Every structure is written in C-alpha cells, then in structure tokens.
Amino acid sequence: LESFINEAKDGKTFTVEFIKKDGTPRVMNARLGVKKGTTGEGMKYKPTERGLLPVYDMQKGGFRMINFATITAYTIHGRRVENLSYSDSEIKTEEL
C-alpha cells in the first residue's frame, strides 16, 4: 500500500475499491494532491494517523476519506493490485 501512495502522489487518476463504513462496496476514481476548493489552512488532524487516505473523488467532485483497512484493490498506471490485507501498524506514510 505504501508503494501505491507513492505512485499516486504524481497526481495521476487511480481507481480504488474499498468497503464503505456502512458495509457496502465502492469503486472510486480519485486523485491525491488536489488543491482545488481548499483554503490552504489544512485539516485539524492528520488523516494518515487515523488510518485514512484523503482523496479527491473525480466522479462526485469532492474530497473523501478512504479507510486504509477497507481497501480491497486498486489500479494505477495500468497495474491492478488485489487481495490487500495488512494491519494499521504496517502503514507508514509521510505527509501527503
């Protein structure tokens, strides 16, 4: 997953599949590093410390949080990775 985040930092669109908080599956086309619509103030907390990945949802046109623990697959640069499983302690990300 760490390599996925590093690949996605270049601003390219990627597809991520995950289980939403209500238990339903979701497929999202998203990007990291979008600045549109932000104030520049930043968030009051660091999402990665809470196991969350802040992304821009390209379909809905807004920012969303994805729980690392519920990601089941992703596709980036034409490469698909499935069957992800890890613990929160394995996720090491630098500031996005």
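Residues numbered from 1 in each chain as written. Predicted model: local features only at pLDDT ≥ 70, side-chain atom pairs only at ≥ 80, totals over all residues. Heavy atoms only, no water.

A. Local environment of unusual backbone geometry. Even without being glycine, H77 reaches a positive phi, approximately 55 degrees. Inspection of the secondary structure assignment puts H77 in the loop between β5 (71–76) and β6 (79–82). What makes H77 partly exposed here is its relative accessible area of 48%. (Helix = DSSP H or I, 4+ residues; strand = E, 2+ residues; numbered from the N terminus. Buried < 20%, exposed > 50% of the residue type's maximum accessible area, 1.4 Å probe, protein only.)

B. Structural detail: the nonpolar core. Within the largest apolar cluster, 17 residues are counted, with the highest numbers of intra-cluster contacts made by F4, F14, V16, L53, V55 and I66. For this core, the secondary structure elements donating two or more residues are α1 (2–8), β1 (14–19), β2 (25–31), β3 (52–57) and β5. When neighbours within four sequence positions are excluded, V16 is seen to be in contact with R26, V27, M28, I66, I71, A73 and Y74. (Core = buried A, V, L, I, M, F, W, Y, C linked by side-chain atoms within 4.5 Å. Contact = heavy atoms within 4.5 Å.)

C. Seen up close, the pattern of salt bridges. Within this structure, the stated rule accounts for four salt bridges. Between R80 and E82 there is a salt bridge; the shortest N-O distance is 2.6 Å. Classification of R80 by relative accessible area gives partly exposed; the value is 40%. The class for E82 is partly exposed, based on a relative accessible area of 44%. Put simply, E17, R80 and E82 are held in one network by salt bridges that share partners. (Salt bridge = Lys/Arg side-chain N within 4 Å of Asp/Glu carboxyl O.)

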